[in-house]
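# Topology and contacts: notes
One letter stands for each residue in the lines below.
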Amino acid sequence: MKKLSQAGLMSIPVVIICLATLWFFPMWRIDMRAPQYPDGLSMQIWINDVKGDVPIINGLNHYIGMKTIHQEDFLEFVFMPVSIAFFMAAGILIMVLKKKILYYCWTGIFLVIALLSFGDFYRWEYNYGHQLDPNPPIKVPGMSYQPPLIGYKKLLNFEVLSQPDVAGWFYIASGLILVGITYYEWKKK
Amino acid sequence: MKRLSLMLGLAVATTAAMQSCKMKTAATAVQGDAASKTYVAPGKYDEIYNFVSGGFNGQVSVYGLPSGRLLKVIPVFAVNPENGYGYSEETKAMLNTTNGLIPWDDQHHLDLSQTNGEQDGRWLFANANNTPRVARIDLTTFKTMEILQIPNSAGNHSSPFITENTEYVVAGTRFSVPLGSEDVPISSFKDNFHSTASFISVDKNSGKMDLAFQIVLPGMNLDLSHAGKGPSHDWFFFSSYNTEQAYTLLEVNASQKDKDYIVAVNWKKAEEYAKAGKGKKVPATYAHNTYDEHKQTATSEIKNEVLLLDPKDCPDMVYMIPCPKSPHGCDIDPSGEYIVGSGKLAALIPVFSFSKMTKAIAGKQFEGDFKGIPIIKYEAALHGEVQKPGLGPLHTEFDGKGNAYTSMFLSSEVVKWSLKDLQVLDRVPTYYSVGHLMIPGGDTRKPGGKYLVAYNKITKDRFLPTGPELAQSAQLYDISGDKMQLILDFPTFGEPHYAQACQASLIKDKQVKYYDINKNGHDYVTMGEKKANVVRKGNRVDIYMTAIRSHLVPDNIEGVFVGDEVYFHVTNLEQDWDIPHGFAIKNNPNAELLIMPGETVTLKFSPDKQGIYPFYCTDFCSALHQEMSGYLRVSPKGANVPLKFGTGETVTSVAAK
């Protein structure tokens, strides 16, 4: 079995540190702005919580029959920290064993987690935006309220911007490092 | 024919000529870029908060400058059905006095709290002239937090002026009265009537007021006041009139003497005498009302004693400075050296020097005494006189650049003059009779030199007429240049007697946006809809109700009877800025409530007729605001209707027997 290069080895603690930011910073943010909310409304998604102007957003969503958002309704807030913690622990093991193949697997697992998370996020947004109360106070024919997965969208008179937050950018950076190092190690043999 | 056309031509020419030399009107007084100087574009804020006394409406109004836009009316000494102030169970105690709840007063002067002679944006003090009281308003919530009644006083006019570090707020008597509640003939004025200068201490941290001591002065009218600053820090100055001690037809009898006095009080000395036990504790009842932010409820305490200081027992505490012809304003310049006394019937403005005054005291340059109080020689204390300033000087404020601005009631103008050489520099007309004027921070060590507002006492043609009573007018002047320039008129409430203003940045960012519901310590709070309840004890029914967009819990209540005392304790569960809920119930001979987010407020209702009484939210709160309502069923006394309440379930009606 091929040994991991020095660069490969060094990348592991960097990735672990990048991922550790998930416990200290929000990973995603959805900002909303409308003329009647000049200061804007903002929701931050953390690895295990959702914060910001959630009660106000819930109040607004109530009119269009959207479900209210509550931390305890998300199994993701348990799965996410557990899986990322396992992933970080696996990194330490690879550092000890120093095997290339394990590093490739590690990258693979990361990509699977990332893809599943994005898929789940999309599903979550889709459900919230589409599964509306059949008897809402306000019904706009043909209207659904799915926020953008990433980027900008206009929903009624609200402008909505969805983008990574601090920990999200670190998460993306760790993905780039993993893929980059995998490519580097692959070429080296 | 030719002659006729010639005559016509002449007539036209004459008319044209007459038009061109038409007298100057109020409308032509504004020129140039006035509009751009006061225009505040949508989305932009004003630079300045202007707090204006409400006069006979008993409130304080808040305007933005330079736009002149009305921002808020703060209820202080008058009940306010708009939000239930004085009507809700929590605020009734604020208007309590030793004569019961007094729902009105005459609000004259205001003073913003200071630290080191500069505005600190913490509190605003307000006086009630009629039933002597002093209030403290919190500038994070714009709510009245405290009201203190003043005993041994009538016409609390020279109030609520403060010392440089807000150590004391004063309350000087306009009408002399006997101390205590003695029954004496009015004609015994000289022997039995007194004026008092009350010193109210203010707690440095909480702002809590306490009547520290009263200085007993001879019977006369104390008019206005201001504290010294810098070198004159230890002193307070009061203007007086009716030192003739007349008690009838004052119009004539109080204008006999050539000079009245400015009363100079060394409050530091007074404080020492008070601590040293030189005063006399005498019985006096007065109410002290405080609003507890945690309990969200006001309580009224009746106090029974006051400490009186008699100048006879306290040497070097009080001196008199002669001042021509019924002085009104008594204003201290930013350096603390000059004391400007405005003799409202005098044709000049005397300016006294603090250093000369102290020198005169040290050198005993006295010209006799007034009921035992030494009178300093006029010339010994005088810095100089402003000659021919105009007629009827009332009030003076300062711009921090060595200039003073005095309002002239009789000649209807604002006059700018130099403190150094006492020369008149500029004058502008006001339309019509001007009373108080105000420069933001104009009575502090650091005045703003940009704007001056003149508040009119009598106004006639500034706005669209509205029947016999016209809108009061305030006029904004740009004083940044050598020449004062009128740039705006705006209407005000009541007759504004005084105003204070500060930079918006001093208080804007301190605003409380909503009350944290978790810190709500109200005795009747409802923490969440599940806790909503209705409790009967004898004929008292307490309804624990919640309000959140867009429903009330409970919204169906049955089992209440004619003659019951029903208390609606409404808790606003919202935690968002500017989402108050209102509460009103049909036929309630009371008022409505406005409940701020996180707050609990109580409305009492005593139904005297059976029927269904709808109640609803009065403050538009959401698209479903109209739906935010409910019903109270009131049954005849003794009816067999069980107590029932709920929201979102149909209450099964129980037939009355």
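Bear in mind that the values here come from a model prediction, so they are computed numbers and not experimental data. (Residues numbered from 1 in each chain as written. Chains lettered and ligands numbered in written order. Predicted model: local features only at pLDDT ≥ 70, side-chain atom pairs only at ≥ 80, totals over all residues. Heavy atoms only, no water.)

A few words now on the overall build of chain B. Helix and strand counts for chain B stand at seven helices and 46 strands. Over its C-alpha atoms chain B spans a radius of gyration of 29 Å, differing by no more than 12% from the 26 Å that the globule rule assigns to 657 residues. A burial count over chain B gives 58% of its 657 residues as buried. Accessible area of chain B: about 27500 Å², with a carbon and sulfur share of 54%. (Helix = DSSP H or I, 4+ residues; strand = E, 2+ residues; numbered from the N terminus. Rg over C-alpha atoms; globule rule 2.2 N^0.38 Å. Buried < 20%, exposed > 50% of the residue type's maximum accessible area, 1.4 Å probe, protein only. Areas by Shrake-Rupley, 256 points an atom, 1.4 Å probe, with all protein chains shown as cover.)

All names here are of chain B. When you line up the elements, D333 lands in the loop between β21 (327-332) and β22 (338-343). Among buried Asp, Glu, Lys and Arg side chains, D333 stands out as unpaired, with K229 the closest opposite charge at 6.4 Å. Polar side-chain contacts of D333 include one of 2.8 Å to the backbone nitrogen of Y338. Excluding anything up to four places from it in sequence, D333 contacts K229, Y338, F398 and L419. (Lys, Arg positive; Asp, Glu negative; His and termini not counted. Salt bridge = Lys/Arg side-chain N within 4 Å of Asp/Glu carboxyl O. Polar contact = N/O pair within 3.5 Å; in protein donor to acceptor, adjacent residues only side chain to side chain. Contact = heavy atoms within 4.5 Å.)

Turning our attention to the nonpolar core. Core analysis: the largest hydrophobic core is formed by 48 residues, its most contacted members being L19 and W106 of chain A. Of all the secondary structure elements, the ones that give two or more residues to this core are α1 (6-20), β1 (28-34), β2 (37-45), α2 (54-63), α3 (76-97), α4 (100-130), β5 (158-164) and α5 (166-188) of chain A. Here this core gets eight residues from one element, more than from any other, and that element is α4 of chain A. If near-sequence neighbours (up to four positions away) are discounted, L19 of chain A is found in contact with I84, F87, M88, F110, Y171 and S174 of chain A. Grouped together as the second largest cluster of nonpolar side chains are 31 residues, F161, W267, Y273 and Y498 of chain B included. (Core = buried A, V, L, I, M, F, W, Y, C linked by side-chain atoms within 4.5 Å.)

So, on to the layout of surface pockets. Residues and elements named next belong to chain A. There is about 720 Å³ of room inside the second largest pocket. Lining the second largest pocket are 29 residues, with M27, M80, A114, S117 and F118 sitting closest to its centre. At the level of elements, α3, α4 and α5 are the ones that each hand at least two residues to the lining of the second largest pocket. Residue contributions to the lining of the second largest pocket peak at 11 residues, all from α4. In the lining of the second largest pocket, the residues fall into 22 nonpolar, four polar and three charged. (1 Å grid on protein atoms, 1.4 Å probe; cavity = no way out; pocket = protein on both sides within 12 Å on 5 of 7 lines; lining within 4 Å. Points joined across faces, edges and corners; volume = space filled by probe spheres on them. Nonpolar A, V, L, I, M, F, W, Y, C, P; charged D, E, K, R; others polar.)

It is worth spelling out the domain arrangement of chain B at this point. Residues and elements named next belong to chain B. The domains assigned to chain B are domain 1 (47-506) and domain 2 (518-646). Averaged C-alpha coordinates put domain 1 and domain 2 at centres separated by 43 Å. Between domain 1 and domain 2, the residue contacts involve 14 residues of the former and 17 residues of the latter. In total, domain 1 and domain 2 occlude about 1200 Å² of area from one another, counting both sides; carbon and sulfur atoms represent 43% of this. Together, E89, E90 and Q296 form the three largest contributors to the area buried by domain 1 at its contact with domain 2, with a combined 37%. Inspection of the region where domain 1 meets domain 2 yields two salt bridges. Across the pair E599 and K143 runs a salt bridge, and its minimum N-O distance is 2.4 Å. The interface formed by domain 1 and domain 2 includes 11 residue pairs in polar contact (both at pLDDT 80 or more). The residue inventory of the side of domain 1 that touches domain 2, partitioned by class, reads three nonpolar, six polar and five charged. (Domains from an automatic or database assignment. Buried area = accessible area lost by both parts, 1.4 Å probe.)

Per the counting criterion, the structure on display carries 38 aromatic pairs over all chains. Look at Y168 of chain B and F199 of chain B: their rings are 5.9 Å apart centre to centre, the planes differ by 80°, and that puts the pair in the edge-to-face class. In this pair, Y168 of chain B sits in strand β11 (residues 168-173) while F199 of chain B sits in strand β13 (residues 193-202), placing the two residues 31 residues apart along the sequence. According to the relative accessible area criterion, Y168 of chain B is buried, its value standing at 6%. For F199 of chain B, a relative accessible area of 0% corresponds to the buried category. Pairing W235 of chain B with F237 of chain B gives two aromatic rings, centres 6.5 Å apart and planes at 15°, and the pair type is stacked. Taken together, the ring pairs connect W28, F74, F77, F118, F121, W124 and Y128 of chain A into an aromatic cluster. Sitting over the face of the ring of W46 of chain A, K51 of chain A holds its NZ or CZ atom 4.2 Å from the ring centroid. Lying over the aromatic face of Y567 of chain B, R540 of chain B brings its terminal NZ or CZ to 4.0 Å of the ring centre. (Phe/Tyr/Trp six-rings, centres within 6.5 Å; stacked < 30°, edge-to-face > 60°. Lys NZ or Arg CZ within 6 Å of the ring centre and 35° of its normal.)

Our focus in this paragraph is the environment of G630 of chain B. Within the fold, G630 of chain B resides in strand β45 (residues 629-635). The contact partners of G630 of chain B, leaving out residues within four places of it in the chain, are D555, Y613, P614 and F615 of chain B.

The next thing to look at is the sheet that holds strand β44 (residues 611-616) of chain B. Residue and element names in this part refer to chain B. Overall, mixed pairing links the six strands, which are arranged β42-β41-β44-β45-β39-β46 in an open sheet. At either margin of the open sheet sits one strand with a lone partner, and together these are β42 (593-595) and β46 (644-646). Averaged over all pairs of adjacent strands, the angle between their axes in this sheet comes to 25°, without regard to strand direction. In this structure, β44 lies alongside β45, joined through six bridges in antiparallel fashion. Its bridge partner being in β45, F615 is matched across the sheet by G630. (Pairing = 2+ DSSP bridges. Axes fitted to C-alpha atoms, helices over the stretch in contact; angles between N-to-C directions.)

Next up on the list: the pattern of salt bridges. All names here are of chain B. Taken as a whole and judged by the stated rule, the model has 29 salt bridges over all chains. Two residues, E47 and K450, come together in a salt bridge whose shortest N-O distance is 3.2 Å. Pair noted here: E47 is in the loop between α2 (34-38) and β1 (48-53) and K450 is in the loop between β31 (433-438) and β32 (451-458), with a separation of 403 residues, a long-range link. You can call E47 partly exposed: its relative accessible area is 29%. Overall, the relative accessible area of 42% leaves K450 in the partly exposed class. Put simply, E565 and K604 hold a salt bridge, and the shortest N to O gap is 3.4 Å. Linking E565 in strand β40 (residues 565-572) with K604 in strand β43 (residues 600-605), this pair joins segments that are 39 residues apart in sequence.

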